[in-house]
Amino acid sequence: MLNPTIFDKTQNVILDIVSGRLDITKLVENMADVLTNKEVENREKGMRFFTKILTELPKDYLTDLQVKFISKFYIDRLKDNHRVIPAVLEGYLAIIDMQNYSIQNSGEFLTTLFREVPCQSQVRQDRYHIYLIIKKLLERDAEYMKSLGPDFVYGVLSSIEGERDPRNLLFLFNILPNFLKEVPLGHLTEEMFDVISCYYPIDFHPSPNDPAAVTREDLATALTPCLCAVPEFAEHCLVLLVEKLDSSLRQAKIDSLKLLTESCNTFKAESYGPFLKTLWASIHREITHKTDYELKMVAHEALSALVRKLATTSNKDQEFENFVKGVLISMQTALAGSATVSQFVEATKILLTTANASKESCIMITNSMIPAIVAYYEFKTSNKLQIASLKFLGDLYDLTKHWNVLNEVKAQVNEIPQLCLVAVSQPSKEYQIAGFQTLVKVRDILKDDLVLPFVEVLIYIIQHSQDIDLLKISVETIHAIARYHPEMIMDLVVKGKCDLDNLIADKNNLEKRLNLLSNLASIDDFTKIIIEEMLKIISINDHTAPKIVEALNDSISDLNLFTNEKITQIESDHGLVDSVLNWLLSEIQRGSEDTFNHGFILIANTISSLSPDKQELILSRHTSNLLNLCKSNEIFFLILQSLYISIHQNVNDVRFEEIMKLSLILSLNSENVTIRLKASILIAHFLNKADYGQKFELLYELLQDYLSSCSRDDISLCPRLIQLYGWITKALVLRSNDHFLFWLEKILVAITNQEFTQHGADAVRLIMTEFPEYLNTRQHCRISPFYKQRMFQSFSNLTTKIDPLSPDVKETYLLSWAYIIEKTPKSVLNNEVHQVSSLVIDSLDYDNKDLLVVMLDVLCYYIQTKHTTISQSLQTILPRLVKLSTYVKSMDVRIKSLQCLYEIAKAYQTAFLLPYKQDVLLDLAPSLDDKKRLVRNMAVQARTRWFLVGAPGESKEN
């Protein structure tokens with residue numbers, strides 16, 4: 001009998017084999033007494049010992065003869081007692097991985113395996129090893145596996161038939177598609193499909209105690225490709241899915257629609273012919289489901305896949321054309337009978353799905369539907385339906401462009417702009433917006449004779465309308481027309497209705513027209529004339545200059561309008577920065593900071609678009625003068641800050657140190673709130689962008705030296721310091737610099753101090769907030785994609801070291817956590833359920849809207865994912881949620897608390913819910929303001945759910 005300690009000495013044997021002192025075939029002979037022992041237990045231990053040696057041997061060591069010898073030995077062992085089989089299977093897996101393993105050895109092994117080892121009689125792990133052997137052999141040489149013929153197929157079929165373990169099934173479902181595609185099934189096709197399809201649809205519920213359970217969704221997703229892996233499965237598969245589509249079970253319908261979608265990747269188009277009428281009837285039924293969004297979506301996906309597949313044979317038979325005509329007829333009938341916008345939109349979505357599926361279906365749908373919708377618009381008197389039809393025409397046009405079939409449907413699409421003109425001529429904002437939105441989509445087919453009527457309407461709106469949405473789409477429309485008809489817009493708009501000389505005189509419409517012109521300046525044909533005129537007015541310091549700067553800033557800030565290349569061209573040709581900066585220098589002491597803020601942003605955004613060398617040229621022209629001006633009046637720092645905030649990381653400037661010192665002084669000592677804030681922000685930008693090494697260390701040392709020199713007795717300085725700490729922390733964590741922990745710890749100390757706790761929380765919010773104008777990629781800052789996760793983990797680690805909190809700071813401490821949790825990815829929160837749920841539950845006791853909204857959102861998420869920590873705390877959570885469901889200060893809090901109650905009712909069907917039926921769910925809805933319909937509906941949902949759920953053994957009548 002083998003000594004149990006022998007298993008610890010396999011490395012000694014392996015060293016002897018590798019060094020040549022022992023031949024592995026000799027080892028087999030030496031172990032003959034054990035491997036052929038009469039006692040099964042001894043044979044089992046012998047095989048386990050030898051298999052352990054095989055698994056630890058270098059894969060390239062054994063020769064082909066040695067591998068062949070050992071392979072035959074293992075094949076012979078397959079005939080041994082069932083206790084020996086696990087070691088044999090594990091050992092053969094090691095043999096397959098040997099470099100010199102010959103696939104020719106596998107034929108005899110598989111024949112013996114299928115004959116001697118009934119797979120489903122083995123334990124789960126051994127069955128898995130059998131499947132893994134098949135997978136590895138197939139990957140090693142698929143051609144040889146094919147040559148084994150029907151016997152191999154039958155062996156695999158017999159091995160998998162009856163498998164019930166979810167992990168093994170998941171593994172099988174993942175390898176079967178490749179097996180089915182590689183190995184011809186022959187006369188066993190139907191039998192193989194029957195074996196696989198017996199699992200369809202998946203009806204499985206994992207054990208709640210399994211920490212890494214296979215889910216029903218995992219199995220269903222993996223099974224689907226198996227059922228349609230080869231064209232030979234088509235008839236069997238389609239019969240099955242048609243049957244399940246008629247099931248009353250929702251999940252069976254969803255799985256069947258997903259299977260239909262997947263099958264279109266494999267089956268031939270003609271396979272669907274006999275089933276098309278039935279398939280469309282089923283798809284139509286599910287795609288028009290009133291409330292089940294998931295079911296509707298998978299039905300749309302199935303329809304799209306089916307139409308796309310049928311289109312591949314559109315030139316060979318009538319099946320495609322007949323199917324699309326069937327869809328058209330059904331949907332035209334639905335559109336004609338639509339009494340509401342939702343009914344209309346539902347039908348149009350089905351048509352758009354069909355049209356989007358293929359080029360051929362797009363031509364059929366648009367040829368038929370565009371004339372029909374134009375006629376529908378004239379026929380329908382409902383305003384909302386007419387507006388919906390305009391949007392549908394725009395969507396159809398988008399599809400004709402997507403499939404590049406404009407020429408095929410030219411006569412039809414040319415009707416759209418005229419209908420848009422009819423709509424925008426209505427004295428209704430809704431009609432005008434819908435008409436312009438559709439016109440923007442079809443702008444490239446707008447004929448010259450319609451440009452003038454549209455421009456007349458647009459200019460009238462810009463002159464007289466005060467509606468922000470309508471003005472915005474009007475400017476967008478003129479911009480769109482200008483790209484295709486620049487000469488006409490130049491004459492009608494730029495040199496006509498919106499000429500700058502006329503604009504200045506027209507005080508009422510100045511701002512609206514300036515927005516239009518600055519928007520048009522992004523188009524090459526208009527850039528020179530508009531920018532030159534605008535900068536001329538700024539340079540003469542006309543009283544309209546602030547409005548022009550504001551309009552330029554609003555447009556140039558939009559990178560969809562003005563690309564970096566376009567902004568660089570404007571700066572090079574027209575000196576935009578110098579013009580705005582000179583205006584600021586002459587006016588900044590006379591006006592308010594708000595008046596000039598657009599100028600600061602315009603300079604910063606313009607500089608951000610320039611190359612490093614162009615940035616350095618601008619800085620060299622203005623920095624010295626601005627630093628001198630700052631000595632006499634700190635207001636000039638705002639201009640200096642706008643110059644430096646957007647520079648590239650590799651820009652070198654000898655004044656960095658001087659500007660850093662000035663910023664530090666102003667961030668703490670200026671009495672101007674804006675200057676303090678912008679000084680802190682510039683410090684953050686310098687720290688974030690400084691190159692690693694000497695440049696960063698110099699600035700960081702300067703920062704530390706200055707702050708260490710500040711008076712520790714000046715309590716009034718503390719709020720300013722805490723704000724600065726927030727910006728420093730944000731700058732450093734964004735660049736993944738570990739120094740941020742030092743400053744974050746200071747902020748945490750402030751949070752635990754009653755006098756400064758709110759300032760500390762504000763600093764945390766600052767760190768977690770993304771600002772459109774600061775510390776982002778447009779300003780060339782370093783942005784770590786995982787900084788929010790790091791903040792969560794770091795704050796979590798630091799809070800474990802603090803002393804117990806006093807009641808006076810607990811609320812603000814939790815609020816600080818809320819700011820962090822709100823921005824932390826759910827994947828991180830999933831790994832910290834115990835800690836976060838404790839914070840969430842504590843927060844429910846506080847009268848703080850900002851705190852409650854965040855924590856209720858997290859609580860709802862945890863309830864939906866059924867974390868055990870929540871289920872164990874429901875007795876504490878429920879009374880607090882009940883109280884918050886009538887929280888008078890915030891509808892958001894009421895809605896979220898009701899959502900939590902509703903999710904609890906769905907997720908936890910237990911008796912402790914009973915006490916809350918009457919006092920919460922029956923009395924809650926009437927107690928709310930009737931105008932708060934959404935809240936009331938949530939209460940009704942929760943009440944209904946609770947009555948339906950009940951408790952185990954409880955009568956629903958009670």
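Structure first, text after, so check above.
Treat the numbers as computed from the prediction; the structure is a model and nothing was measured. For every chain, the first residue of the written sequence is number 1, and numbering continues from 1 onward in sequence order. Totals for whole chains, interfaces and linings use every residue, but because this is a predicted model, local features are given only for residues with pLDDT of at least 70 and side-chain atom pairs only at 80 or more, for both listing and counting. Side-chain metrics rest on all non-hydrogen atoms present in the structure, leaving aside hydrogens and water.

1. Comments concerning helix H42 (residues 757-768)
Secondary structure is summarised from DSSP: a helix means a run of H or I of at least four residues, a strand means a run of E of at least two, and numbering begins at the N terminus for each. To estimate how far a helix should extend, the number of its residues minus one is multiplied by 1.5 Å. For H42, with 12 residues, the first-to-last C-alpha span of 17 Å sits near the 16 Å given by 1.5 Å per residue. Any two residues having at least one pair of non-hydrogen atoms within 4.5 Å are treated as being in contact. The elements touched by buried residues of H42 are helix H40 (718-734), helix H41 (740-751), helix H43 (787-799) and helix H44 (807-823).

2. Section: the nonpolar core
Nonpolar core, defined: a set of buried Ala, Val, Leu, Ile, Met, Phe, Trp, Tyr and Cys residues in which side-chain atoms within 4.5 Å join the residues together. Buried, partly exposed and exposed residues are distinguished by accessible area as a fraction of the type maximum, computed with a 1.4 Å probe on protein chains only: under 20%, between the cut-offs, and over 50%, respectively. If you look at the biggest cluster of nonpolar residues, it comprises 337 residues, and the most contacted ones within it are Leu-54, Leu-687 and Leu-707. It is helix H47 (residues 849-864) that contributes the most residues to this core, 12 residues altogether. Those residues in contact with Leu-54 that lie beyond four places of it in its chain are Ile-24, Leu-62, Ile-70, Tyr-74, Gly-91, Ala-94, Ile-95 and Met-98.

3. Some details on the packing of H40 against H41
All axes here are fitted lines through C-alpha atoms, helices being fitted over the stretch that makes contact, and every angle between N-to-C directions spans 0 to 180 degrees. Running from N to C, H40 and H41 cross one another at 145 degrees; their axes reach a closest spacing of 8 Å. Along this stretch, H40 crosses H41, giving a crossing that reads as left-handed. Counted together, Ile-722, Tyr-725, Gly-726, Ile-728, Thr-729, Leu-732 and Val-733 of H40 and Phe-740, Trp-743, Leu-744, Lys-746, Ile-747 and Ala-750 of H41 form the full contact between these two elements. The classification used treats Ala, Val, Leu, Ile, Met, Phe, Trp, Tyr, Cys and Pro as nonpolar, Asp, Glu, Lys and Arg as charged, and all other residues, Gly among them, as polar. Along the lines of polarity and charge, the residues of the contact of H40 with H41 split into 10 nonpolar, 2 polar and 1 charged. Each helix crossing is assigned a hand: it is left-handed if the near helix lies turned anticlockwise from the far helix by less than a right angle, otherwise right-handed if that turn is clockwise.

4. Here's the deal with empty space enclosed by the protein
The rolling of a water-molecule-sized probe over the atoms marks out the regions of remaining empty space. Put plainly, a pocket is an open set of points on a 1 Å grid over the protein atoms alone with protein on both sides within 12 Å along at least five of seven lines, a cavity is a set where a 1.4 Å probe fits but cannot get out, and a lining residue has an atom within 4 Å of a point. Grid points are joined across faces, edges and corners, and a volume is the space filled by probe spheres set on the points. Per the counting criterion, the structure on display carries 5 cavities of 30 Å³ or more. One number sums up the size of the largest cavity: a volume of about 110 Å³. Considering the residues around the largest cavity, the lining is formed by Phe-600, Ile-601, Ala-604, Asn-605, Gln-641, Ser-642, Ile-645, Lys-678, Glu-773, Tyr-774 and Gln-779. Secondary-structure elements contributing two or more residues to the lining of the largest cavity are helix H34 (593-608) and helix H36 (637-644). The dominant element in the lining of the largest cavity, judged by the number of residues it contributes, is H34, at 4 residues. Looking at the lining of the largest cavity residue by residue, the classes come out as 5 nonpolar, 4 polar and 2 charged. Computed from the structure, the second largest cavity encloses a volume of approximately 80 Å³. Those elements giving two or more residues to the lining of the second largest cavity turn out to be helix H38 (673-689) and helix H39 (694-708). In terms of residues, the lining of the second largest cavity owes the most to one element, H38, which gives 3 residues. Across the lining of the second largest cavity, the residue classes break down as 7 nonpolar, 3 polar and 2 charged.

5. Description of the packing of helix H24 (residues 429-441) against helix H26 (residues 468-484)
If you want to describe how two helices pack, look at the angle between their axes and the distance between the axes. Where H24 meets H26, the closest approach of the two axes is 9 Å, and the angle between their N-to-C directions is 25 degrees. Regarding the angle of H24 to H26, the classification is roughly parallel. For the element pair H24 and H26, the recorded crossing hand is left-handed. Between H24 and H26, the residues in contact are Lys-429, Gln-432, Ile-433, Phe-436, Gln-437, Leu-439 and Val-440 and Asp-469, Leu-470, Ile-473, Ser-474, Glu-476, Thr-477, Ala-480 and Ile-481, respectively. Throughout this description, any angle smaller than 35 degrees is read as roughly parallel, any larger than 145 degrees as roughly antiparallel, any in the 65 to 115 degree range as roughly perpendicular, and the remainder as oblique.

6. Some words on the pattern of salt bridges
A pair is scored as a salt bridge if a Lys or Arg side-chain nitrogen falls within 4 Å of a carboxyl oxygen belonging to Asp or Glu. Inspection of the entire model under this criterion finds 45 salt bridges. Lys-26 is the partner of Glu-29 in a salt bridge, and the nearest nitrogen-oxygen pair spans 3.7 Å. Separated by 3 residues within a single helix, Glu-29 and Lys-26 lie in helix H2 (residues 24-30), roughly one turn from each other. The exposure class of Glu-29 is partly exposed, given its relative accessible area of 49%.

7. Observations concerning the packing of aromatic side chains
To describe a pair of aromatic rings, one takes the distance between the centres and the angle between the planes. The criterion for an aromatic pair is that two Phe, Tyr or Trp rings (for Trp, the six-membered ring) have centres within 6.5 Å, with stacked assigned to planes under 30 degrees apart, edge-to-face to planes over 60 apart and tilted to the rest. This model, assessed by the stated rule, comprises 28 aromatic pairs. Each ring, one from Phe-50 and one from Phe-73, has its centre 6.0 Å from the other, and the planes form 80 degrees; the classification is edge-to-face. Of this pair, Phe-50 sits in helix H4 (residues 40-56) while Phe-73 sits in helix H5 (residues 64-77); the two residues are 23 residues apart in sequence, bridging distant segments of the chain. We classify Phe-73 as buried; its relative accessible area is 14%. Each ring is checked for a lysine NZ or an arginine CZ that lies within 6 Å of its centre and within 35 degrees of its normal; such an atom marks a charge sitting over the ring. In this arrangement the basic side chain of Arg-735 is found over the ring face of Tyr-692, its NZ or CZ atom lying 4.4 Å from the centre. Looking at Lys-826, its charged tip hangs above the ring of Tyr-861, at a distance of 5.4 Å from the centre.

8. Points about the environment of Glu-161
With respect to the helices and strands, Glu-161 occurs in the loop between helix H10 (149-160) and helix H11 (166-182). Take Glu-161: its relative accessible area is 45%, and that puts it in the partly exposed class. A sequence separation of 41 residues divides Glu-161 from Gln-120, and the C-alpha atoms of the two residues are 7.7 Å apart. In contact with Glu-161, other than residues within four places in its own chain, are Gln-120 and Val-195.

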